[in-house]
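Take a look at the letters that make up each chain.
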Amino acid sequence: MKKILYSVMALAIAAMTFTACEDVPEPYPMPDPSNNGENTEVEGATGDGSLENPFNSVAANAEAKKLGSGGVSEQYVYIKGKVASIAIDKNDNVLNFDQGTYGNASFYISDDGTSTNQFYCYRVLYLGNKKWTKGSGDILKVGDEVIVCARITLYNTTPETQQNEGYLYSLNGKTDGGGNEPQAEAKGDGSLENPFNAAAATAEAQKLSSGEVSSKAFYIKGKVASIATDKNGNVLNFDQGTYGNATFYLSDDGTETNTFYCYRILYLGNEKWTDGAGDVLKVGDDVIVCAKLTMYNSTPETQQNEGYLYSLNGKTERTGGQTPQPASDLGTAEAPITVAKALEIIEGYEAAGASATDAYVKGKIVKVDSYNEKYSSLTYYISDDGTETKQLQVYSGKGLNGAAFASVNDLTVGAVVVVKGQLKKYAAKDGTTTPEINQNSQIISIDGQSGGGGEPGGGGTTTSSLTNGDFETWADGLPTGWKSASTASSATLTQSTDAHGGSYSCNVNGDEGSNKRLASQEITLAAGTYQFSFYAKATTADPAQVRPGHVPVADGKVGSYAYGDYATLTNSEWTQVSVEFTLAAETTVCLVVMNPKKSSYSAGKDVLVDDAKLTKK
C-alpha cells in the first residue's frame, strides 16, 4: 500500500467540511445513451457515477485510469460496493488520523467484499459529510454495503478517491449519519448587529468559487467547538512571536455538529496572540469573529490572516475592533474618497485598527519614500493638494492593477493616483501612530488612465504572461505557450486555417469517452480578479460545447479545476466565451478550455479556439 498510515504530518490540512454531492451542480457525468447506463468499456464495469446508477469498483477504477497520473475528476461521482478491508491507525482505530483533527477513514470496496477488483476509498468522511468519531468508527466493518460520494483520481498508478474530497453517502442503506443532526438553519446577515451563525457563514462562503475571497469582512458568532494546537500543545498554529494566530471551529452550541472553520485568526483588537492570550481560548467560549471568507478547494473557511477575534465571552478589550464601514463610505473605483476623508476615518480607529474592506482613495503623490526589493513594492505619500499637509502614507504598495515596481523612479511626484487598499492606524513600538493605506494595496489609475484605458477602474489590462493567445505561432505541431508541464493539457491539438483573427486557430480534438482540455503553459499571477476569454466555434453541423476555467499548479501537480458555464457552439459563427476568477494570493495556474465528452448535454466533437485573452480587473 502506497500510503503510510503512521506518518506524522508536517502541516495541518484545512478543515474537513466539504460540499456534498447533492450540492454539486448538474450535469453529472452521463453515460453514452446507447449503452443503457452500463459502462461497457471495461469488462465487469457498471454504472455511470450518478446516485441512481453508481459506479461499481471496476468502473471507478477504469474512470480513474482515464484521468492519467495526478488527474482529478471534475465532478463528484457515486461509487457502490462492499467493504473489503479497512485501514487502521496505530491505536487500531478505523481512522487514518486523530478523530478530533481529521475524522476520516480509508478502506477498500469491491462488488463482493473480496480483494478482487477492489477500489481504494482514501480519507473519506462519515455519513452526512461529517467527521467520524470513535463511536462511528467502530461501526464500519468488512462486508458493509456502502455508497461513497467523492471525486476520483489516479495517484501515480493507483485509482482512488481524491483525498479529503469524499464522504460516505450510505451505510447498509442508512443515510442519516447515525445520529448526525440535520444541517442547522442559517441565521444572520454578517453585520456586527446581526452576525452570521456557522451555517450562514458556510452558506456565504459556498457562494464563492474555489480560491475566491469575499470582497468584505463579515461577523460570525458562535461557541468554540474545538481548537487546533501546535506541536507543543499551544492553541496557536505557529510560534506566537512570528505569526500569533489561532485556528478553531465554532458552532451554534459548541458541539462538533455544523461547525465553521476559523483559520489563522488574530486576537482581540486585530493583534497577535501571546502566550497569555493563547491560554484563555477554550472550548465552549462565546466568540464573534470578524473576517473575510473563502472557499479553500471545497472547504468554507475564513481567509487566512484576514480575520480577528472581535469579542471573547462579551469582552472586546484590545479591540481595534471597529465595525467595517459600508462600501459607500470607503469609495469606489469610479468615485474614490479624498485623502482628507480617509484620514478622518482612520482617526476614529484605535491603535493598530484597520478597515476590514478595501477603500478607494484619490490623491496627488507628495513623495516616493522607499523601494522594497523583496516585494517589488513602493512606500509613498499622497495628499489632496500634493503638499505634505494632511498626507497619507501608502505602505509597501504595488503598481497599476497590482503590477510590480522596479524602482523609486516608477512613480512621479505630482501624479494623481487612485489607490485601492485597507485603511489602517499603524502603531509603532514607541507608541506613535501613523495613518496609512496598508501593504498589498494597488494603484487603480494614474492621471486618469487605468490599465485598459478610459476611466479609473474600467476595462482592465491584458496580462502579458498569456503567450500566443492568437494561436499564430506553432512549433513541433503545437501552439507556442499552450502546452502545460502538468496534467492540465490532455487534448490533441492541431492547427486550423479557419480563424477568428489572423491566419490560424487551434483545433481542440474531442473525445466521446472522456473530457479533453486545452491548457496554457503554467503562469504565475498576482492576487486579484481576472477574466479569461476566447472565441470558439464548432467544426461540424452538430452543436459542440466548451467550458472555460483554470487550475492551480504546485510542484508540477494540479489542484482543483474551477470552471465557468458551459457554452454551446455552432459552426456558423464564432462565439466569445469568458469566465472570471479571483486569486486570493499569488498563484501559479494553467488556463483551461474543457471540451466535454459525449453525454446528454455535450457532443464530444472537435472545437476551434482563437484569440484568447487574460485581463486583470
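Here the structure is shown first, and the text comes after it.
Small disclaimer: the values here were computed from a predicted structure and weren't measured.

1. A few points about the packing of aromatic side chains
- A complete count under the given rule lists 11 aromatic pairs for this structure.
- Look at Tyr530 and Phe581: their rings are 5.7 Å apart centre to centre, the planes differ by 20 degrees, and that puts the pair in the stacked class. One end of the pair, Tyr530, is in strand β26 (residues 528-538); the other, Phe581, is in strand β31 (residues 575-583), and 51 residues separate them in sequence.
- By relative accessible area, Tyr530 is classed as buried at 2%.
- The class for Phe581 is buried, based on a relative accessible area of 4%.
- Lying across the ring of Tyr381, Lys367 places its NZ or CZ 4.9 Å from the centre.

2. Regarding helix α3 (residues 198-205)
- Counting buried positions along α3 gives six out of eight residues, so the element sits mostly inside the fold.
- Within the sequence span of α3, burial applies to Ala198, Ala199, Ala200, Ala201, Thr202 and Ala205.
- For α3, the elements touching its buried residues are β6 (218-227), β7 (246-251), β8 (260-265), β9 (286-296) and β10 (299-312).

3. What about the pattern of salt bridges?
- Throughout the structure, instances matching the rule amount to nine salt bridges.
- The residue Asp144 makes a salt bridge to Lys141 at a minimum N-O spacing of 3.1 Å.
- The exposure class of Asp144 is buried, given its relative accessible area of 3%.
- For Lys141, a relative accessible area of 47% gives the class partly exposed.
- Notably, a salt bridge pairs Asp286 with Lys223, separated by 3.0 Å at the nearest N-O pair. Here Asp286, found in strand β9, pairs with Lys223, found in strand β6; they are 63 residues apart in sequence, far enough to count as distant.
- For Asp286, a relative accessible area of 37% gives the class partly exposed.

4. Section: the side chain of Gln442
- Mapped onto the fold, Gln442 is located in strand β18 (residues 442-446).
- Not counting residues up to four positions away in its chain, the partners in contact with Gln442 are Lys398, Gly399, Asn401, Gly402, Val418, Val419, Lys420 and Lys616.

5. Points about the environment of Glu185
- Relative to the helices and strands, Glu185 is located in the loop between β5 (158-171) and α3.
- Looking at Glu185, the relative accessible area reads 57%, which means it is exposed.
- The residues contacting Glu185, other than those within four sequence positions of it, are Asn197 and Ala199.

6. A closer look at unusual backbone geometry
- Residues other than glycine seldom take positive phi values, yet Arg123 does so here, at roughly 50 degrees.
- Summarising the element assignment, Arg123 is placed in strand β3 (residues 119-124).
- Phi angles above zero are rare outside glycine, and Lys390 is one such case at about 50 degrees.
- Residue position: Lys390 is located in the loop between β13 (377-383) and β14 (392-400).
- You can call Lys390 exposed: its relative accessible area is 61%.

7. Some thoughts on the environment of Gly307
- Structurally, Gly307 is set in strand β10.
- Considering only alpha carbons, one finds Gly307 and Cys290, 17 residues apart in sequence, at a separation of 5.4 Å.
- If we skip the residues at most four places from it in the chain, Gly307 touches Arg264, Ile265, Leu266, Asn270, Cys290 and Ala291.

8. Quick word on helix α6 (residues 339-347)
- Buried residues of α6: Val339, Ala342, Leu343, Ile345 and Ile346, and no others. With its buried residues spanning 160 degrees around the axis, α6 presents them on a single face. Residues Glu344 and Glu347 are exposed on α6 and point more than 90 degrees away from its buried face.

Cut-offs used in this document
- Residues numbered from 1 in each chain as written.
- Predicted model: local features only at pLDDT ≥ 70, side-chain atom pairs only at ≥ 80, totals over all residues.
- Heavy atoms only, no water.
- Phe/Tyr/Trp six-rings, centres within 6.5 Å; stacked < 30°, edge-to-face > 60°.
- Helix = DSSP H or I, 4+ residues; strand = E, 2+ residues; numbered from the N terminus.
- Buried < 20%, exposed > 50% of the residue type's maximum accessible area, 1.4 Å probe, protein only.
- Lys NZ or Arg CZ within 6 Å of the ring centre and 35° of its normal.
- Contact = heavy atoms within 4.5 Å.
- Salt bridge = Lys/Arg side-chain N within 4 Å of Asp/Glu carboxyl O.
- Arc of directions from axis to C-beta.

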